[in-house]
Each structure stands twice: as structure tokens, then as C-alpha cells.
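# Understanding the architecture of this molecule
Here are the chains, one letter per residue:
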Amino acid sequence: MKLGLIGFPVEHSLSPAMHEAALRAAGLEGTYLALETPPAFLRARLQEVRRGFAGVNVTVPHKERVLDYLDEISPEARAIGAVNTIVCAQGRLIGHNTDAPGFISGLDEAGISYRNKKALVLGAGGAARAVAYALKKGGAQVAVYNRTQSRAEALCNAMGLRLVTEPLLAAAVQGCDLLINTTSVGLKDPSSSPLPPGLLPRGVVVDIVYNPPTTRLLLEAQQAGLPTLGGLPMLVWQGALAFELWTGIKPDVQAMYKAARARLQDAAFL
């Protein structure tokens with residue numbers, strides 16, 4: 001079984017280690033390849049997937065662009081407007097979104113409540129769309145802030161969410177029960193945060209960045225005594241759901257966690 005990840009860049013992804021551990025635990029022969037795919041090469045890469053892969057994951061910057069090249073899109077992925085998992089069935093490419101249920105599984109695992117809570121999503125890309133969709137479906141009141149306001153407006157209009165503009169950001173942060181950073185701010189850079197210094201919510205802080213495991217945003221929240229959740233649970237759970245779509249088998253989630261954590265602790269990876 002040939003699986004993989006398309007994105008740009010992908011060299012530091014945890015997904016190969018995580019999925020190869022899942023394949024071993026399930027007793028399946030197969031490989032999971034990190035397929036570096038610059039935007040100009042996306043169409044050609046998907047033709048390659050069509051010819052020889054059982055499926056792939058999709059990451060930045062292709063989660064939205066990939067929709068144009070698929071034969072079929074699941075209702076949930078279409079509603080979200082982003083695909084993170086492709087199943088290749090008899091040469092047909094079928095797009096799914098496991099980011100949304102994967103995010104909720106991570107919250108549930110951590111015991112974080114979201115129903116009837118005020119949630120503020122930072123960002124408006126593919127991951128933000130999945131998180132916002134999942135939270136709204138789960139009964140949260142969802143607002144969105146993005147530095148490029150037009151992208152946030154498009155997301156809010158598409159899903160019926162509340163737009164937060166720059167002048168209202170501080171009040172929105174301080175008034176929310178659940179803050180979720182879906183931007184890449186903090187990725188590989190522990191000194192950066194998507195929020196100004198000292199600005200924190202009254203409730204839980206979630207950062208879907210998983211490298212570093214504790215971002216500056218999470219560290220400041222922890223120092224303020226707030227509950228936090230990093231990006232690893234969402235990564236593992238979306239991967240577990242993708243694995244099940246490709247194989248029909250529920251993977252060993254703990255084996256996936258163990259492999260991902262081992263890779264994160266690898267000095268060469270960091």
C-alpha cells in the first residue's frame with residue numbers, strides 16, 4: 001500500500017513516522033512518503049497519486065486548491081471548503097476532511113468542552129475552516145479573526161460566523177472561552193505569537209502548531225494559569241481517521257502518538 005503527504009514544504013512532517021507506525025501495528029505492508037509538491041506541480045502530483053497511490057494527506061498550501069482537481073468531494077469537505085485527505089479508488093480521487101472531526105476528537109480526549117462556549121478562531125486558511133466548521137457543528141458560538149480581513153470575511157460569510165476586526169480583537173480574545181490558533185505563527189519559532197504580549201482569553205488556549213510542542217502562545221497561557229492544548233492531538237486524530245478511510249481498519253492511535261512524540265524528540269528533526 002502506497003500512501004503519502006502532499007504539501008510544500010513537508011520535510012519536517014511527523015506524518016510518515018506516524019502512519020508507518022500505524023501500518024506496522026495493523027500488520028499491513030506499505031509506505032508513507034513525504035511528497036514535496038510546489039504549487040506549480042500540484043496537478044502533476046495528483047496524476048501521480050491517481051496512478052499509484054491508495055491515498056494521500058494534503059497539507060499547506062494545497063488544502064483549498066486541491067478541490068479543483070478531484071473527481072468527488074465528501075459533503076463535509078465541500079461544506080468546509082478544504083480537503084486534507086484523498087482516497088484513490090480505482091483511479092478516482094475522492095476528497096475528505098478529517099481535520100474537523102480530528103480536532104474535535106482531540107478536544108474530547110483532553111476533556112475540553114465547547115458546546116455553547118464562545119470560541120475565537122485565529123486564521124482563515126484550510127485548517128481554520130475545518131476547526132470553525134467543527135466547532136459550530138458541535139454547538140459553539142464561533143468568531144474568526146485573520147490579519148487579512150477579506151479572508152476572514154469570506155469564511156464568516158460561508159459558514160455564518162462572527163467576524164472580528166482588528167479594533168475588536170482585544171475584546172474578542174478577553175471575552176472568549178476557547179481560543180484556537182490555526183495560523184502558522186509560532187511554527188518552528190518559539191519566540192513568536194499570533195497575539196500581542198499579555199493578551200489572553202479567560203478560558204482554554206489551543207494551538208494547532210505541534211512543533212515546537214509548546215509555542216509562546218501556549219507558554220504564556222500556562223504561565224497565566226490557563227488550560228492549554230497543543231497541536232499533536234489534532235494531528236494524530238486526523239491521521240487516524242485518514243488511515244481508516246484508506247484501509248478500512250481503525251489504527252492503533254497510541255502507536256501513532258508514540259511515533260510522533262519520538263520524532264518530535266529527535267534532535268535532528270527539531
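This report concerns the structure included in the present document. The structure presented is a predicted model; accordingly, all values stated were derived computationally and were not measured.

The next thing to look at is the sheet that holds strand 5 (residues 85-89). One open sheet holds the six strands; their spatial order is 2-1-3-5-6-4, and the pairing between them is mixed. Both edges of this open sheet fall to strand 2 (31-36) and strand 4 (72-73), since each of them pairs with a single strand only. Strand direction decides the pairing type here: strand 1 (residues 2-7) and strand 3 (residues 55-58), joined by four bridges, are parallel. In the sheet register, Gly4 faces strand 3, and the bridge partner there is Val56. On the sheet, helix 1 (residues 15-26) packs against strand 1, strand 2 and strand 3 and is oriented at approximately 165° with respect to strand 2.

End to end, helix 10 (residues 253-265) covers 18 Å across 13 residues, agreeing with the expected 18 Å (1.5 Å per residue, within 8%). Buried within helix 10 we find Val253, Ala255, Met256, Tyr257, Ala259, Ala260 and Leu264. In this structure, the buried residues of helix 10 make contact with helix 1, helix 4 (99-110) and helix 9 (232-247). For helix 10, the capping residue at the N-terminal end is Asp252, with a side-chain oxygen 3.1 Å from the backbone nitrogen of Gln254.

Here we take up the pairing of strand 2. Relative to strand 2, strand 1 runs parallel, the two being bridged by six bridges. Each residue of the ladder has a partner; that of Leu5, found in strand 2, is Ala34. You can see the chain leave strand 1, run along helix 1 and come back into strand 2, and the turn it takes is right-handed.

A word on the sheet that holds strand 7 (residues 118-122). On the basis of which strands lie adjacent, the open sheet formed by six strands has the order 9-8-7-10-11-12 and parallel pairing. Taken across any chain shown, the strands that pair with only one partner, and hence form the sheet edges, are strand 9 (162-163) and strand 12 (228-229). Where strand 7 meets strand 8 (residues 141-145), five bridges bridge the pair, whose relative direction is parallel. Residue pairing across strands places Lys118 opposite Gln141, the latter belonging to strand 8. Running at roughly 170° to strand 7, helix 5 (residues 126-137) makes contact with strand 7, strand 8 and strand 10 (178-181) of the sheet. Strands strand 10, strand 11 (204-207) and strand 12 of the sheet are contacted by helix 8 (residues 216-223), whose axis makes an angle of about 160° with strand 11.

Let us now look at the pattern of salt bridges. Taken as a whole and judged by the stated rule, the model has ten salt bridges. For Glu64, the salt bridge goes to Arg151, with nearest N and O atoms at 3.5 Å. Pair noted here: Glu64 is in the loop between strand 3 and strand 4 and Arg151 is in helix 6 (residues 149-159), with a separation of 87 residues, a long-range link. On the accessibility criterion, Glu64 (30% relative accessible area) is partly exposed. Classification of Arg151 by relative accessible area gives partly exposed; the value is 39%.

Evaluated as defined, the whole model comprises one aromatic pair. Seen from their ring centres, Tyr32 and Trp246 are 6.2 Å apart, and the 50° between their planes marks the pair as tilted. Pair noted here: Tyr32 is in strand 2 and Trp246 is in helix 9, with a separation of 214 residues, a long-range link. In terms of burial, Tyr32 and Trp246 fall into one category: buried.

When you line up the elements, His96 lands in strand 6 (residues 92-96). If sequence neighbours within four positions are ignored, His96 has contacts with Ser74, Ala77, Val83, Asn84, Thr85, Val87 and Leu245.

Right, let's get into unusual backbone geometry. Working note: non-glycine residues mostly have negative phi, and peptide bonds are mostly trans. Omega for the peptide link from Phe8 to Pro9 comes to 5°, which places this bond in the cis form. For Pro9, the position within the fold is in the loop between strand 1 and helix 1. That bond from Asn211 to Pro212 is cis: its omega, 10°, falls within 30 degrees of zero. By secondary structure assignment, the location of Pro212 is in the loop between strand 11 and helix 8. Phi angles above zero are rare outside glycine, and Gln90 is one such case at about 50°. Within the fold, Gln90 resides in the loop between strand 5 and strand 6. Judged by its relative accessible area of 87%, Gln90 falls in the exposed class. Phi at Asn116 takes a positive value of approximately 65°, unusual for a residue other than glycine. Tracing the backbone through its elements, the reader meets Asn116 in the loop between helix 4 and strand 7. The exposure class assigned to Asn116 is exposed, which follows from its relative accessible area of 59%.

Reading the values: the criteria
- Residues numbered from 1 in each chain as written.
- Predicted model: local features only at pLDDT ≥ 70, side-chain atom pairs only at ≥ 80, totals over all residues.
- Heavy atoms only, no water.
- Pairing = 2+ DSSP bridges.
- Helix = DSSP H or I, 4+ residues; strand = E, 2+ residues; numbered from the N terminus.
- Contact = heavy atoms within 4.5 Å.
- Axes fitted to C-alpha atoms, helices over the stretch in contact; angles between N-to-C directions.
- Expected span 1.5 Å × (residues − 1).
- Buried < 20%, exposed > 50% of the residue type's maximum accessible area, 1.4 Å probe, protein only.
- Polar contact = N/O pair within 3.5 Å; in protein donor to acceptor, adjacent residues only side chain to side chain.
- Right-handed = clockwise from strand over helix to strand, strands pointing away.
- Salt bridge = Lys/Arg side-chain N within 4 Å of Asp/Glu carboxyl O.
- Phe/Tyr/Trp six-rings, centres within 6.5 Å; stacked < 30°, edge-to-face > 60°.

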